[in-house]
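Coordinate inspection notes
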Amino acid sequence: MQNDGLEGVELAEGALYLGREASHAGAPIGLPAKHLTTHGVIVGMTGSGKTGLGTVLLEELAMQGIPAIAIDPKGDLGNLMLAFPSLDAASFAPWVEPGQDPAAIAARHAKGLAEWGEGGDRIARFTASVERVLYTPGSSLGRPLSLMPPLGAPPPDADPEALNDRALAVASGLLTLVGIDPNPVKSPEHTLLATILLRTWGEGRGLDLVELLRAIQTPPFARLGVMDLEAVIPSKARAALAAQLNNAFASPAMAGFTSGEPLDAGRLLWTPEGRPKLSILTLSHLSDTDRMFFVTSLLGELLAWMRAQSGTNELRAVLYMDEVFGYFPPVASPPSKTLMLTLLKQARAFGLGIVLATQNPVDLDYKGLSNAGTWFLGRLQTERDKLRVLDGLESAASTSGDRVDRAELDRLLSGLAPRTFLVRSVHEERPVLLQSRWALSYLRGPLARDEVRRLARGAASLASERALDGAGGAAGGTTQGEDATIASAASPLASGPLASGALASGRPVLPPEIRERFLVRAELPSPRVYRAGALAAVSVRYADAKAGLDVLRRLLLIAPLLDEGPDWPSAWVFEREPTLEDAPRADASLLPLPEGAARPAMFKRWQRAVIDHVVRDRPLVLASVPALGLVSAPDEREEAFRARVASAVTSGRDAELTKLMAKWQPKIDRARVRVADAERRFAKASADGVSANVASGIEIGASLLGAVFGGRRRSVTTGISRAARSARSAASRSASKDLAKAALDDRKAELAGLEADVDAARRALLESWRPEHVELVSRAIRPLKSGVELDRLELCWVPLG
């Protein structure tokens, strides 16, 4: 099939255009994307073209709509942001080296692309296919990404094995940060941290850093395994660990660790709208310790995300890591190695492909890489490197039951030119020599800090700002934290008829049945005025059999208190209990209490009113996709749900593709059989025609010779008759050959028509099953009145400033 935007290059549908065969007249090489589910390895010394090939691979994945996370320790992959469809000098000017001519650079890039059948239209397709984001973890140079491993509460249906992997990864990352051996078997600190996390997550709760440090010093359990906690790790050692972690995060050098987008694999792979992303995580600004900390946390997060996906045979996403030196070594066991090995062994079943690149073959654990199915081998530095690669190939081949011709591979590796790679795949019968194509992106080398900052400024958008916003309200209300600002100038509690007027002469005297509390606002440590409100704590059961939902939520509402009673529709909703005190702050005044608010009978009326309000006006609003039968979990963020929708769309698309091919393949197979039959009939007719023409010629020649040399008249006449019959037979067989040729052409046209029809059907199906075309529908689940229970109703004074 002709690929969009390519001139003179024919590739199969879904193939990644990597370049041409270096040994077979430049035949294009298209790697089926599905092959990357068995992972890939790129090896090549400096100058081999390794980074260029990795860039090309990521470009092709993007154009197939396959999201990718690219870990970039050196800063080379930031060049993927330098893709200019216009190919004009002005686009290149800000990125060329001083003294270079932007027009000449632009012309050279356009010429290089044209030599590979590419142009600006293909660059435009690349830039439009995915959202490219340059992240700088722990820094605001690019788009900030928090280095903190995720400590929040897991989803309700989280896989226990995924939680265990995440806990081990978080514990390993934190210990790496403070220089403690993160060995899960030998380190008591690792066991302590992992147990705290698993215990808390198992209760459906999350942690923040303060709570984690507190739990380290005073764990919520008395034993680790079968031994007393004090015997495994005494209180003095726990206090020291908490102090080390506190000092690490209190350091000015760690200021950026907790800022930026949260570390969330789903958000790195998909936009909130379900569009695939190419997330480039550049780590060149981090120290070696911080890099290991971040990579370990990322791999743990990716492993947890992976286990939450459904199984698939298609390629769902790719993790690409450039310069994997130090993260997957053959002998040592850094915390990243165990996680990477688990991914290599298990990711295939979930459609996650892993591609690792390195300069030095001795940096890799080839026993672990026996799970890799496709190897790209470029120029190597030493003979030792070549032998190491051959050992790795043999190890991978033995695992898959394949056979390696070591001598042939040795010969091919010995003569590789720059940008030429020996490609050895378990999916192919023979190795091929690949000359990688010209990259669509401008490969100008590692980006400097100011250049990363310029790129980030240029890529800023409303979508990215929205991604950094906080979460919305719970159960239809506005959710706030413990010290939420609920009485700001825009709050109903800070306005209205009771926000002004004469102040009460003092604190009113209330009957003992009415409990009185005072809200604490962190931003107002010394409030001047309090206004009366009503605080209701309500337990609400939301149940929906169709959605498979049955959850108990606790709402805490604070409503402004008017003359006619609490204004519940204007109430603010808290997720957690706010800070309340039994008395007002010194020197603060109280606005007058509305009429009737001091009578217990009024509180009983308000109790009924708040229950009615919750039933009527506080539904649990979930996102849903009815066509796919998907409903978001109560605490699931929209971007996480959209990532789940995208995964379901991929699975649905794959199922429909299977049905489509099941429908068309028998027709195509029958058409191919008819073509083969027609080819055999044509070949037979051609052979018979040749024999008949030869025989006829011999008959005529013999008859003429007889006539010339005086043969008997009768025999000459007979010969001439036979020759005439032979000529007529030859003519008849020639006509049969023409008929056979026409029949063959018809059969080929029929097959071509079928293939065109199935290709059109496949394209239409792929277009209709795009994640960004899926519209989310709000689904409001209202509680039954019997499912709403009022825990308490109190008079609550709110500070106004």
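First, a word on what this report is: a plain description of the structure on this page. (Residues numbered from 1 in each chain as written. Predicted model: local features only at pLDDT ≥ 70, side-chain atom pairs only at ≥ 80, totals over all residues. Heavy atoms only, no water.)

1. Some points on the overall build of the protein
The cut-off we apply is this: Each helix corresponds to a stretch of at least 4 residues labelled H or I by DSSP, and each strand to a stretch of at least 2 residues labelled E; elements are numbered beginning at the N terminus. Accessibility here uses a 1.4 Å probe with only protein chains present; expressed as a share of the type maximum, an area under 20% marks a residue as buried, one over 50% as exposed, and anything in between as partly exposed. Contacts were defined at the residue level, with two residues in contact if any of their heavy atoms lie within 4.5 Å. Using a 1.4 Å probe, the Shrake-Rupley method yields the accessible areas, and only the shown protein chains count as cover for residues.
From N to C terminus, the protein includes 19 helices and 26 strands. Among the 801 residues that make up the protein, the fraction classed as buried is 49%. Looking at the protein alone, contacts between residues at least 24 apart form 75% of all its contacts between residues at least 6 apart. Of the accessible surface of the protein, which amounts to about 36200 Å², a share of 53% is contributed by carbon and sulfur atoms.

2. Considering unusual backbone geometry
The phi angle at Glu323 is positive, at roughly 50 degrees, despite the residue not being glycine. By the element assignment, Glu323 lies in the loop between β10 (317-321) and α12 (335-346). Looking at Glu323, the relative accessible area reads 10%, which means it is buried. Phi angles above zero are rare outside glycine, and Asp587 is one such case at about 70 degrees. Tracing the backbone shows Asp587 in the loop between β21 (580-581) and β22 (589-590).

3. Notes on the packing of helix α1 (residues 50-63) against helix α4 (residues 120-129)
Condition: Axis angles are defined between N-to-C directions and span 0 to 180 degrees, where every axis is a line fitted to C-alpha atoms and, for a helix, only to the segment in contact. Reported orientations rely on four angle classes, namely roughly parallel under 35 degrees, roughly antiparallel over 145, roughly perpendicular from 65 to 115, and oblique for the rest. We call Asp, Glu, Lys and Arg charged. Ala, Val, Leu, Ile, Met, Phe, Trp, Tyr, Cys and Pro are nonpolar, and the rest, Gly among them, are polar.
Where α1 contacts α4, the two axes come as close as 8 Å, and the packing angle between them is 70 degrees. With respect to α4, the axis of α1 lies roughly perpendicular. Residues Glu59, Glu60, Ala62 and Met63 of α1 lie in contact with α4, whose contacting residues are Arg122, Arg125, Phe126 and Ser129. Each residue belonging to the contact of α1 with α4 can be placed in one class, and the counts come to 3 nonpolar, 1 polar and 4 charged.

4. Section: the pattern of salt bridges
Going by this rule: Think of a salt bridge as a Lys or Arg side-chain nitrogen and an Asp or Glu carboxyl oxygen that are within 4 Å of each other.
A complete count under the given rule lists 44 salt bridges for this structure. The network of salt bridges with shared partners includes Arg515, Arg554, Glu577, Asp791, Arg792 and Glu794.

5. A closer look at the environment of Ile42
Within the secondary structure layout, Ile42 lies in strand β3 (residues 40-43). Note: C-alpha distance between Ile42 and Leu356 (314 residues apart in sequence) is 6.2 Å. Excluding its chain neighbours within four sequence positions, the residues that come into contact with Ile42 are Lys50, Leu53, Gly54, Tyr320, Val355, Leu356, Ala357, Thr358, Phe376 and Phe421.

6. Considering the packing of aromatic side chains
For clarity, the cut-off: The pairing test for Phe, Tyr and Trp rings, Trp by its six-membered ring, is centres within 6.5 Å, and the orientation test on the planes gives stacked under 30 degrees, edge-to-face over 60, and tilted for anything in between. Our definition puts a charge over a ring when NZ of Lys or CZ of Arg is within 6 Å of the ring centre and also within 35 degrees of the ring normal.
For the structure on display, the rule yields 5 aromatic pairs. Look at Phe92 and Tyr442: their rings are 5.2 Å apart centre to centre, the planes differ by 65 degrees, and that puts the pair in the edge-to-face class. Residue Phe92 is found in helix α2 (residues 89-92), and its partner Tyr442 is found in the loop between β14 (432-436) and α15 (449-459); the two are separated by 350 residues along the sequence. Each of the two residues, Phe92 as well as Tyr442, counts as buried. On the basis of an interplanar angle of 45 degrees and a centroid distance of 4.7 Å, the ring pair of Phe603 and Trp606 is categorised as tilted. One end of the pair is Phe603 and the other is Trp606, both in helix α17 (residues 600-617) and 3 residues apart, which spans about a single turn. Three or more aromatic residues joined by ring pairs make a cluster, and in this case those are Phe84, Phe92 and Tyr442. Residue placement shows Arg454 over the ring face of Trp95; its charged tip is 4.6 Å from the ring centre.

7. Here's the deal with the nonpolar core
Put simply, the rule is: Remark: nonpolar core denotes a set of buried residues (Ala, Val, Leu, Ile, Met, Phe, Trp, Tyr, Cys) joined through side-chain atoms within 4.5 Å.
In terms of nonpolar packing, the biggest core is built from 91 residues, with Leu192, Leu212, Ile216, Leu343, Ile354 and Leu369 touching the most fellow members. Per-element accounting of this core gives the leading share, 10 residues, to helix α11 (residues 288-307). Counting 60 residues, the second largest nonpolar core, distinct from the first, contains Leu6, Phe84, Ala106 and Leu447.

8. Considerations on the sheet that holds β3
Here is the rule we go by: Strand pairing is assigned whenever DSSP detects at least two bridges linking the two strands.
An order of β2-β1-β14-β13-β12-β3-β11-β10-β4-β9-β5-β6 is seen for the 12 strands of this open sheet, with the pairing classed as mixed. Both outer strands of the open sheet, β2 (28-32) and β6 (143-145), are each paired with one neighbouring strand and no more. On average, adjacent strands in this sheet sit at an angle of 30 degrees to one another, irrespective of strand direction. Along the sheet, α1 makes contact with β1 (15-21), β3, β4 (68-72), β9 (277-282), β10, β11 (352-358), β12 (374-377), β13 (420-425) and β14, crossing β1 at roughly 145 degrees. Against the sheet, α12 engages β10 and β11, with an angle of about 130 degrees to β11.

9. Some points on the sheet that holds strand β24 (residues 630-631)
Read from one edge of the open sheet, 3 strands run β24-β23-β25, paired in antiparallel fashion. Two strands lie at the open edges of the sheet, namely β24 and β25 (777-781), each paired on one side alone. Examined bridge by bridge, strand β23 (residues 620-625) and β25 share 5 bridges and lie antiparallel to one another. Within β25, the residue paired with Val621 across the bridge is Ala780.

10. Remarks on helix α14 (residues 406-414)
Quick reminder of the rule: Read the arc as the range of directions from the helix axis to the C-beta atoms.
Those residues of α14 that sit buried are Leu409, Leu412 and Leu413. With its buried residues spanning 100 degrees around the axis, α14 presents them on a single face. Among the exposed residues of α14, those pointing more than 90 degrees away from its buried face are Ala407 and Arg411.

11. Overview of the side chain of Lys50
Stated precisely, the cut-off is as follows: Identification of polar contacts relies on pairs of N or O atoms within 3.5 Å, with a donor-acceptor requirement for protein atoms, meaning one able to donate a hydrogen and the other able to accept it, and with residues adjacent in sequence counted only if both atoms are side-chain atoms.
Following the sequence through the fold, Lys50 ends up in helix α1. Looking at Lys50, its side chain comes within polar contact range of the side chain of Asp322, at 3.3 Å. For Lys50, the residues in contact, after removing those within four places along its chain, are Ile42, Gly44, Tyr320, Asp322, Glu323, Ala357, Thr358, Gln359 and Phe421.

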